[in-house]
Amino acid sequence: QVQLVESGGGLVQAGGSLRLSCAASGRTFSSYDMAWFRQAPGKGRQFVAGINRGGTSTHYLDSVQGRFTISRDNAKNTVDLQMNTLKPEDTAVYYCAAVWWPTMTPLFGSWGQGTQVTVSS
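Residues numbered from 1 in each chain as written. Predicted model: local features only at pLDDT ≥ 70, side-chain atom pairs only at ≥ 80, totals over all residues. Heavy atoms only, no water.

Participant: Would you mind showing me how to read the overall build of the chain here?
Facilitator: In terms of regular secondary structure, the chain is built from 0 helices and 11 strands. N-terminal to C-terminal, the α/β element order of the chain is β-β-β-β-β-β-β-β-β-β-β. Taking 2.2 N^0.38 as the reference for a compact globule, 121 residues should give roughly 14 Å; the C-alpha atoms of the chain span a radius of gyration of 13 Å, in line with that estimate. Taking the principal axes of its C-alpha atoms as reference, the chain extends roughly 40 × 25 × 25 Å. The proportion of buried residues among the 121 residues of the chain is 43%. Here the chain displays about 6,100 Å² of accessible surface, and carbon together with sulfur accounts for 49% of that area. In the chain, 10 positive and 7 negative side-chain charges are present, and the distance between their average locations comes to 3 Å. (Helix = DSSP H or I, 4+ residues; strand = E, 2+ residues; numbered from the N terminus. Rg over C-alpha atoms; globule rule 2.2 N^0.38 Å. Buried < 20%, exposed > 50% of the residue type's maximum accessible area, 1.4 Å probe, protein only. Areas by Shrake-Rupley, 256 points an atom, 1.4 Å probe, with all protein chains shown as cover. Lys, Arg positive; Asp, Glu negative; His and termini not counted. Charge placed at Lys NZ, Arg CZ, Asp CG, Glu CD.)

Structure, rendered in structure tokens:
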């Protein structure tokens, strides 16, 4: 099982940008398809963006398509989420996870601490 630590969240005004990063431990990171999820207050966890193990294919939630970009660096064991033109409805705790491709189902049952993103109007 890969250990994941998210960072990069913060408070930003609507229209602003943030870049989230997820650092993975272990030598098998490149064998995992990865994704970002988010959970807003009072709501369930929601898929946001996914990237396959080679970084050659991506998939996005419709509402973030064109605003968010997922990328990975297998040499550094990281997967990032560049978020532009942020909206108040993007406010949530963001988590990264290893997933089954293409269903984006999390592989493991545990989650990291996540990173809080708050977008003010």
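Participant: What exactly am I supposed to notice about the state of the cysteines here?
Facilitator: Two cysteines form a disulfide when their sulfur atoms are joined by a covalent bond. As enumerated under the stated definition, the model contains 1 disulfide in all. The disulfide that involves Cys22 links it to Cys96, with 1.9 Å between the sulfurs. An S-S torsion of about 55° defines the bridge between Cys22 and Cys96 as right-handed. Residue Cys22 is found in strand β3 (residues 18-24), and its partner Cys96 is found in strand β9 (residues 92-100); the two are separated by 74 residues along the sequence. (Disulfide = S-S within 2.5 Å.)

Participant: Would you explain the pairing of β3 in this entry?
Facilitator: Burial along β3 is one-sided: the face carrying Leu18, Leu20, Cys22 and Ala24 is buried and the face carrying Arg19, Ser21 and Ala23 is not. Relative to β3, strand β1 (residues 4-7) runs antiparallel, the two sharing 4 bridges. Note that in β3 the partner of Val5 across the bridge is Ala23. (Pairing = 2+ DSSP bridges.)

Participant: Just to check I follow, could you spell out the pattern of salt bridges for this structure?
Facilitator: Opposite charge on two side chains lets them pair, provided their charged atoms get close. What the rule picks out here adds up to 4 salt bridges. A salt bridge links Asp33 to Arg53; its shortest N-O distance comes to 3.2 Å. With Asp33 in strand β4 (residues 33-39) and Arg53 in the loop between β5 (45-51) and β6 (58-60), the pair connects residues that are 20 residues apart, well separated along the chain. Looking at Asp33, the relative accessible area reads 5%, which means it is buried. (Salt bridge = Lys/Arg side-chain N within 4 Å of Asp/Glu carboxyl O.)

Participant: Explain the nonpolar core to me, please; I cannot follow it from the model alone.
Facilitator: One finds Trp36, Val79, Leu81, Met83 and Tyr94 to be the most contacted residues of the largest nonpolar core, which totals 29 residues. For this core, the secondary-structure elements that each account for two or more residues are β3, β4, β5, β7 (68-73), β8 (78-83), β9 and β11 (115-120). Ignoring sequence-local partners within four residues, the contact set of Tyr94 consists of Glu6, Leu20, Trp36, Phe37, Arg38, Val48, Phe68, Leu81, Met83, Gly114, Thr115 and Val117. Membership of the second largest hydrophobic core comes to 6 residues, among which are Phe37, Phe47, Ala97 and Met104. (Core = buried A, V, L, I, M, F, W, Y, C linked by side-chain atoms within 4.5 Å. Contact = heavy atoms within 4.5 Å.)

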